[in-house]
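Residues per chain, in single letters:
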Amino acid sequence: MIDNPVKTSTRPGITLASLRITPAFAAAFGVLLVTVIALFTAPYVGMADNGDFFRIIYSNGLYFNLPDYDSQYFGYFIKQFGIYQYYNENSSMLVSSQSLFIKLALFVNKLVFSKEVFDIRFQAAIYTLLYVAAVYLLIEAVTFKMSRKRGMIVAALAVFIFGDTGYTAYFNSFFGESLVMVTMILVFASWLLLYRKRYNDYAMLAVLLVSTLILTTSKQQNAPVGMVISLLSISLVWIRRDKLFRWVTLLSAALMMFAGIATYLNISKEFVNINQYHAMTRGVLMESENPETALQSFGINEQYAILKENTYYDQYGTVDVKSDLLEKDFYSQYGFVSILKYYVTHPDQLGSILDTAAESAYTIKPAAMGNYEKSAGKEFRAQSHFFNVYSTLKEKLAPRTFAFILLWMAVITGVYMPSFVSAVRARDYRGMQRLFVILATMLVGLSGIVVSIIGAGDADIAKHEFLFTLAFDLITFQVISSVIGRGISSRKSMPAAPPSVPAPEYAALNNGVSI
């Protein structure tokens, strides 16, 4: 009898250990599952039009095909729109990278569904896939070298925060916040991955560049974003010694800066007037105890004080907001810089409007817009409560003063400063990146507040401050993950395993160390 013992192959192959679900995969799958249930199963969750959709859809070949569409403003989410069949005479009202994704969704819609009717869920599907990928990269960066058990806790926290329908409901709408959300997370994640030296540096730099360009050009108020990220990303030049990477990084920073400047210069005259009007009527005049005196400081006739608290869209307004008279005697007398100067010289009003901004700085999903279709039988402006515990708690529990925002920024910076100083002393340029990405995210979020209140007062402020609320969540998530991973102190320089220590042992030594 001949024995045939089972031979054990020494070649690497698929094992049970290698098939284990990673924290990044678990988080991405969890967010995908929750989003699919919310957005793609009845009753569908989306966001009602507040009157802004026309700015982006007409120039992209879509139109409102419901006879009673106007009556559903603010109240009901509408998922289907008409597709122009003939020549589209509508010129672009705004230049936005959002159009690229609408056109892609429209192409897929025509390919597999209809050439006459556009279902917004095709757009939602594209955003969802990109969002899931962004969450995967984020968790991969945060849990790198963290124990699997702790990594899974972080993954669960990620699903709790970023799977919240307060965020994902935007995908079923034409609001630019949906694209802002995806690209901002990609910017944050790719920069952290560069810090971690995880994946290819060139690939992560490309993700950082493309995401920043799309984020900056997605909304006109995001013009400062490209400038902020451009300046701080120059620090990436020194994380590698090869000249090619350094030149590519400098070119990327220049492109980001150019995108920010170009976005600002391309703001249409109509939007300038709308924002200017609100900046004065819903900002300076609203916060002033003596609006006549405030107007005189701008060289404006004090009779315009009657416009205090008015909005550009008032059905029965005090004046014709598009009149030549207003253009000559009102709009031409002030701008962003003069209003900023006014607030600086009137710190009491500045503090007051900053606190007003802080009251809405933690609102993820504006209460003004409903989330259900009219056919769902819900009340007008009814809000979805499916998987929105985080957004609800955040809005109710967060402090409502700007002083808290400044304190939060100071504490976070202080927490990560020791490791940054250590990296500076060691000339560990890669190790410095953790604080740079946090500072960049803070400044981007802060720009969302400042641009909103100075550029447009408190008009639609909850939606205008979306950048800040997302930046707050990203940084807070980063800090909590650091605590969970027991690595909030020092990165201990992680370019590669020392030659004298085999890679497996090096990984074991660093087990549990997170950013």
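Remember, it's a predicted structure, so these values are computed and weren't measured experimentally.

**Digging into the overall build of the protein chain**
When helices and strands are counted, the protein chain shows 21 helices and three strands. When burial is assessed residue by residue, the protein chain has 54% of its 515 residues classed as buried. Considering only contacts within the protein chain whose residues lie at least 6 apart along the sequence, 77% involve residues at least 24 apart. Of the roughly 23,800 Å² that the protein chain leaves accessible, carbon and sulfur atoms contribute 63%.

**A closer look at unusual backbone geometry**
Cis geometry is adopted by the peptide bond preceding Pro43, which originates at Ala42 and carries an omega value of -5 degrees. Structurally, Pro43 can be placed in the loop between helix H1 (23-40) and helix H2 (54-57). With a phi angle near 70 degrees, Glu309 is a residue other than glycine that sits in the positive phi range. Along the chain, Glu309 falls in the loop between helix H12 (291-297) and helix H13 (324-329). Positive phi, normally seen in glycine, also occurs at Arg381, with a value near 70 degrees. Residue class for Arg381 comes out partly exposed when judged on its relative accessible area of 38%.

**So, the sheet that holds strand E3 (residues 117-119)**
Backbone hydrogen bonds are what pair the strands of a sheet, in a parallel or an antiparallel way. On the basis of which strands lie adjacent, the open sheet formed by three strands has the order E1-E2-E3 and antiparallel pairing. Either end of the sheet is taken by a strand with one partner, and the two such strands are strand E1 (62-63) and E3. As defined by bridge partners, E1 adjoins strand E2 (residues 80-83) across two bridges and the pair is classed as antiparallel. Residue Tyr63 lies in a different strand from E2, and its bridge partner there is Gly82.

**Considering the pattern of salt bridges**
Side chains that differ in charge, positive against negative, can pair when their charged atoms come close. All chains considered together, the criterion is met by 10 salt bridges. Where Asp52 meets Arg55, a salt bridge forms, and the shortest distance between an N and an O atom there is 3.7 Å. Each of the two residues, Asp52 as well as Arg55, counts as buried. Between Arg430 and Asp201 there is a salt bridge, with the nearest N and O atoms lying 2.9 Å from each other. Of the two residues, Arg430 is situated in the loop between helix H17 (402-425) and helix H18 (433-456) and Asp201 in helix H8 (residues 201-218); the sequence distance between them amounts to 229 residues. For the pair Arg430 and Asp201, a shared accessibility class is recorded, and that class is buried.

**Some remarks on the packing of aromatic side chains**
Applying the stated rule across the entire model yields 39 aromatic pairs. For the pair Phe330 and Tyr334, a centre-to-centre distance of 5.5 Å together with 80 degrees between the ring planes defines the contact as edge-to-face. According to the relative accessible area criterion, Phe330 is buried, its value standing at 0%. Judged by its relative accessible area of 6%, Tyr334 falls in the buried class. In this structure, Lys378 packs its charged tip against the face of Tyr372, placed 5.1 Å from the ring centre.

**Things to note about the environment of Asp119**
By secondary structure assignment, the location of Asp119 is in strand E3. Residue Asp119 is classed as buried on the basis of its relative accessible area, which comes to 3%. Within the structure, the side chain of Asp119 is placed 3.4 Å from the side chain of Gln80, a separation counted as a polar contact.

**Points about the side chain of Ser233**
Structurally, Ser233 is set in helix H9 (residues 223-233). A relative accessible area of 2% places Ser233 in the buried class. With residues near it in sequence (within four places) discarded, Ser233 still touches Trp191, Thr249, Ala253 and Met256.

**Describing the nonpolar core**
Judged by nonpolar contacts, the single largest core of 146 residues is most densely connected at Tyr131, Leu138, Phe162, Phe174, Phe330 and Phe477. Here the element with the most residues in this core is helix H7 (residues 177-196); it accounts for 15 residues. Excluding anything up to four places from it in sequence, Tyr131 contacts Val31, Phe162, Tyr167, Thr168, Phe171, Met181, Val182 and Ile185.

**Digging into the environment of Met409**
Its location among the elements puts Met409 in helix H17. The class of Met409 is buried, set by a relative accessible area of 13%. Separated by 33 residues in the primary sequence, Met409 and Met442 have C-alpha atoms spaced 7.2 Å apart. Filtering out sequence-adjacent residues up to four positions away, Met409 remains in contact with Met442 and Leu446.

**Focus: the packing of helix H14 (residues 336-345) against H18**
The geometry of H14 relative to H18 is characterised by a closest axis approach of 9 Å and an angle of 100 degrees between their N-to-C directions. When the axis of H14 is compared with that of H18, the two are roughly perpendicular. Together, Phe336, Ile339, Leu340 and Tyr343 of H14 and Val451, Ile453, Ile454 and Gly455 of H18 make up the contact between the two elements. Here the residues of the contact of H14 with H18 sort into seven nonpolar, one polar and no charged.

**Digging into a nonpolar patch on the surface**
Judged by side-chain polarity, Ile21, Phe25, Phe29, Leu33, Ile37, Phe386 and Phe387 come together as a nonpolar surface patch covering roughly 620 Å² of accessible area. Its place among the elements puts Phe25 in helix H1. Judged by relative accessible area, Phe25 falls into the partly exposed class, the value being 44%.

**Thoughts on helix H15 (residues 347-359)**
Here H15 spans 18 Å end to end across 13 residues, near enough to the 18 Å set by a 1.5 Å rise per residue. All buried positions along H15 are accounted for by Gln349, Ile353, Leu354, Thr356, Ala357 and Ala358.

**A closer look at the environment of Glu289**
Mapped onto the secondary structure, Glu289 falls in the loop between helix H11 (269-287) and H12. The exposed category is assigned to Glu289, whose relative accessible area is 83%.

**A few points about the confidence of the model for the protein chain**
Counting all residues, the mean pLDDT for the protein chain is 86, and 88% of those residues have values of 70 or more. Model confidence for the protein chain, summarised as mean pLDDT per element, is weakest for helix H21 (residues 503-509) at 36 and strongest for helix H4 (residues 121-142) at 98. Residue range residues 1-12 is modelled with pLDDT below 50. Its contacts to residues more than four positions away, or to other chains, number zero contacts. When the criterion is pLDDT under 50, residues 488-515 qualifies, and its contacts beyond four places in sequence or with other chains add up to 66 contacts.

Conventions adopted
Residues numbered from 1 in each chain as written. Predicted model: local features only at pLDDT ≥ 70, side-chain atom pairs only at ≥ 80, totals over all residues. Heavy atoms only, no water. Helix = DSSP H or I, 4+ residues; strand = E, 2+ residues; numbered from the N terminus. Buried < 20%, exposed > 50% of the residue type's maximum accessible area, 1.4 Å probe, protein only. Contact = heavy atoms within 4.5 Å. Areas by Shrake-Rupley, 256 points an atom, 1.4 Å probe, with all protein chains shown as cover. Pairing = 2+ DSSP bridges. Salt bridge = Lys/Arg side-chain N within 4 Å of Asp/Glu carboxyl O. Phe/Tyr/Trp six-rings, centres within 6.5 Å; stacked < 30°, edge-to-face > 60°. Lys NZ or Arg CZ within 6 Å of the ring centre and 35° of its normal. Polar contact = N/O pair within 3.5 Å; in protein donor to acceptor, adjacent residues only side chain to side chain. Core = buried A, V, L, I, M, F, W, Y, C linked by side-chain atoms within 4.5 Å. Axes fitted to C-alpha atoms, helices over the stretch in contact; angles between N-to-C directions. Parallel < 35°, antiparallel > 145°, perpendicular 65-115°, else oblique. Nonpolar A, V, L, I, M, F, W, Y, C, P; charged D, E, K, R; others polar. Patch = residues over 30% accessible without salt bridge, like charges linked within 9 Å, V, L, I, M, F, W, Y side chains within 5 Å. Expected span 1.5 Å × (residues − 1). pLDDT = per-residue confidence, 0-100.

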